[in-house]
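# Results of the structural survey
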Amino acid sequence: MNLPIRPRRLRATPAWRRLTSESRVSPAQLVLPIFVREGVAEPIPISSMPGVVQHSLDSLKAGLHRAAAAGVGGVMLFGVPEHKDADGSGATDADGILNVATRVAVAEVGDALVVQTDLCLDEFTDHGHCGVLDANGAVDNDATLVRYRDMALAQADAGSQLLGLSGMMDGQVAAVRSALDDAGRGDLAILAYAAKYASAFYGPFREAVQSSLQGDRRTYQLDPANRREGAREVELDLAEGADIVMVKPAMSYLDVLADTAAMSPVPVWAYQVSGEYAMIEAAAAHGWIDRERAIDESLTSIVRAGADAVLTYWAVEAAERAARS
C-alpha cells in the first residue's frame, strides 16, 4: 500500500523526537515554592508531600543556593508562623517569618533568582481564611484589601521582587497597585492569582502551612465548573494592572489556562499544586507509574497549554535533570 503521508517518520528516533518537539520546558520557566517555618532549627518533612519540607531559616539558605545553581527562574516564599490571630498581624510584622525569610532570600540569591512572596493572610489568621472576618463570620472583602495594602508595603520593605496576590478578593490588584504607587514603589511587580479555583487538590498544602481553616473558601475562590468566569477574573486583573496572571491549579484547568494564554497581553503562569505533586509521588511510590516520565509529562502539558512559567515543587529536580540530559 502506498501511503504518501507518514507522520511516523518524524517520530522514528530519539534525535528526531527531540528535534521536532513543539513544547519544551526550560529551567528558567520553573519557580520553586518554599515553606519557611518560624521557630525551628531543622527542616521539618511534610508527610503528604514526600521530599518537600518546612525550612528553617538556616536550611532555607541551602535550598535557595541549590535552586539558583539549578538555574530555575525564581522562588515563591510562604511563611509558617508560630502564632496566629484574627487579623493575621504576623503578615505585616517586619519581624514576622515571611518578611524575615524574604530578607534572607534577597541577601542570598536576590541577584540570581526572582524572589517572590505570597501575599495572602491565610497562613497568619487563626481562622485560616484569606481575609479578615466581619461580625457574622464572613470574609470582609474591603476590610481585607486594607490588610493587603499593608502587607504589600511590608513585603516591599523586606525586598520582595514580585508580590503573589493569591487571596481572590475583588479589587485586590488595584488596591495593592495603588498602595505601591502611593509609596513610591511603582517598580514592584504584581502576580495576580487571577483564576484560582476552590479545588480539592490543595489538601497537602494545608499541612505544609499548618492551616487553621474551618469550612471552605468557596465564597471567594472560583467554582470548578466555571470556565467563562475564570476568563472574566483574568480580564479584571489585567484591567487593574497585573504584571503577570496565574491559573491555579494547573492540571484540572488546562482549558482555562489555554483561554488565558490566548487573550493575555502579559505573561501567564500556572501553579502545579500540592495535590498534583502528591498524586504522582504516591502512585510512583507504589510502582504504578514511571515517576520521572510522569513529572516531565505533567510539566510539558502545562507549558503546552500556554503557561510561560510554572510554579512546581519539582522545579529544582526537573532543572537539574535537564542539565544532565
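Please refer to the structure higher up on the page.
Computed from a prediction, not measured in an experiment: that's the story for all the values here.

Right, let's get into the overall build of the chain. Secondary structure assignment for the chain yields 11 helices and 10 strands. For a compact globule of 325 residues, the expected C-alpha radius of gyration is about 20 Å, and the chain comes in at 20 Å, within 12% of that figure. C-alpha extents for the chain along the principal axes are approximately 75 × 45 × 40 Å. For the chain, contacts bridging at least 24 residues in sequence account for 74% of all contacts bridging at least 6. On the chain, roughly 14,700 Å² of surface is accessible, and the fraction owed to carbon and sulfur atoms is 51%. Each charge class in the chain was averaged separately, 29 positive and 44 negative side chains, and the resulting centres sit 12 Å apart.

Turning next to empty space enclosed by the protein. Counted by the stated rule, this structure contains 1 cavity of 30 Å³ or more. Of the voids in this model, the largest cavity is the one considered here, and its volume is about 120 Å³. Looking at the largest cavity, it is lined by 16 residues, and the ones nearest its centre are Asp122, Lys196, Phe205, Arg217 and Lys248. Residue classes in the lining of the largest cavity are distributed as 8 nonpolar, 2 polar and 6 charged.

Moving on: the packing of helix α4 (residues 141-158) against helix α5 (residues 172-182). Look at α4 against α5: their axes get within 9 Å of each other, and the N-to-C directions meet at 45 degrees. Between α4 and α5, the crossing angle belongs to the class labelled oblique. Where α4 crosses over α5, the handedness of that crossing is right-handed. Facing α4, whose interface residues are Leu145, Tyr148, Arg149, Ala152, Leu153 and Ala156, α5 presents Gln172, Ala175, Val176, Ser178, Ala179, Leu180 and Asp182.

Reported here for the largest pocket is a volume of approximately 660 Å³. Around the largest pocket, the lining comprises 18 residues; the ones closest to its centre are Ser23, Arg24, Val25, Asp296 and Thr300. Those elements that provide at least two residues to the lining of the largest pocket are α10 (291-304) and α11 (315-324). Per-element tally for the lining of the largest pocket: the top contributor is α10, with 5 residues. Looking at side-chain class alone, the lining of the largest pocket contains 7 nonpolar, 5 polar and 6 charged residues. The space that makes up the second largest pocket amounts to roughly 360 Å³. Residue lining of the second largest pocket: 17 residues in total, with Leu32, Gly51, Arg66, Tyr313 and Val316 positioned closest to the centre. Looking at the lining of the second largest pocket, the elements with two or more residues in it are β1 (30-37), β3 (53-55), α2 (57-70) and α11. The dominant element in the lining of the second largest pocket, judged by the number of residues it contributes, is β1, at 4 residues.

The grouping of Arg6, Arg8, Arg9 and Arg11 at the surface amounts to a positive patch. Considering the arrangement of structural elements, one finds Arg6 in the segment before α1 (14-19).

With that settled, the discussion passes to the environment of Leu236. Here Leu236 is to be found in helix α7 (residues 228-239). What makes Leu236 partly exposed here is its relative accessible area of 41%. Along the backbone, Leu236 and Gly171 are 65 residues apart, and their C-alpha atoms lie at a distance of 8.3 Å.

A few words on a nonpolar patch on the surface. The grouping of Leu10, Trp16 and Leu19 at the surface amounts to a nonpolar patch, some 320 Å² of accessible area in total. Note on placement: Leu19 falls in helix α1. The class for Leu19 is exposed, based on a relative accessible area of 62%.

Right, let's talk about the packing of aromatic side chains for a bit. Under the definition given, this model contains 8 aromatic pairs. Seen in terms of ring centroids, Phe35 and Phe78 are 5.5 Å apart; in terms of plane orientation they differ by 35 degrees. Their pairing is tilted. With Phe35 in strand β1 and Phe78 in strand β4 (residues 74-80), this residue pair connects regions lying 43 residues apart in the sequence. Taken individually, Phe35 and Phe78 each receive the classification buried, so the pair is uniform in this respect. Geometrically, the ring pair formed by Phe78 and Phe205 is edge-to-face, given 5.3 Å between the ring centres and 80 degrees between the ring planes. Residue Phe78 is located in strand β4, and its partner Phe205 is located in helix α6 (residues 203-208); the two are separated by 127 residues in the primary sequence. The two residues Phe78 and Phe205 agree in class, both being buried.

With that settled, consider the pairing of β1. When you tally the buried positions in β1, you get 7 out of 8 residues, the bulk of the element. Inspection of the sheet shows β1 paired to strand β10 (residues 309-311) by 2 bridges, in the parallel sense. The residue bridging Leu30 from the neighbouring strand is Val310, located in β10. Of the strand pairs in this sheet, β1 and β4 are connected by 7 bridges, and their pairing is parallel. Within the sheet, the bridge partner assigned to Pro33 lies in β4 and is Met76.

Rules and cut-offs
Residues numbered from 1 in each chain as written. Predicted model: local features only at pLDDT ≥ 70, side-chain atom pairs only at ≥ 80, totals over all residues. Heavy atoms only, no water. Helix = DSSP H or I, 4+ residues; strand = E, 2+ residues; numbered from the N terminus. Rg over C-alpha atoms; globule rule 2.2 N^0.38 Å. Contact = heavy atoms within 4.5 Å. Areas by Shrake-Rupley, 256 points an atom, 1.4 Å probe, with all protein chains shown as cover. Lys, Arg positive; Asp, Glu negative; His and termini not counted. Charge placed at Lys NZ, Arg CZ, Asp CG, Glu CD. 1 Å grid on protein atoms, 1.4 Å probe; cavity = no way out; pocket = protein on both sides within 12 Å on 5 of 7 lines; lining within 4 Å. Points joined across faces, edges and corners; volume = space filled by probe spheres on them. Nonpolar A, V, L, I, M, F, W, Y, C, P; charged D, E, K, R; others polar. Axes fitted to C-alpha atoms, helices over the stretch in contact; angles between N-to-C directions. Parallel < 35°, antiparallel > 145°, perpendicular 65-115°, else oblique. Left-handed = near helix turned anticlockwise from the far one by under 90°. Patch = residues over 30% accessible without salt bridge, like charges linked within 9 Å, V, L, I, M, F, W, Y side chains within 5 Å. Salt bridge = Lys/Arg side-chain N within 4 Å of Asp/Glu carboxyl O. Buried < 20%, exposed > 50% of the residue type's maximum accessible area, 1.4 Å probe, protein only. Phe/Tyr/Trp six-rings, centres within 6.5 Å; stacked < 30°, edge-to-face > 60°. Pairing = 2+ DSSP bridges.

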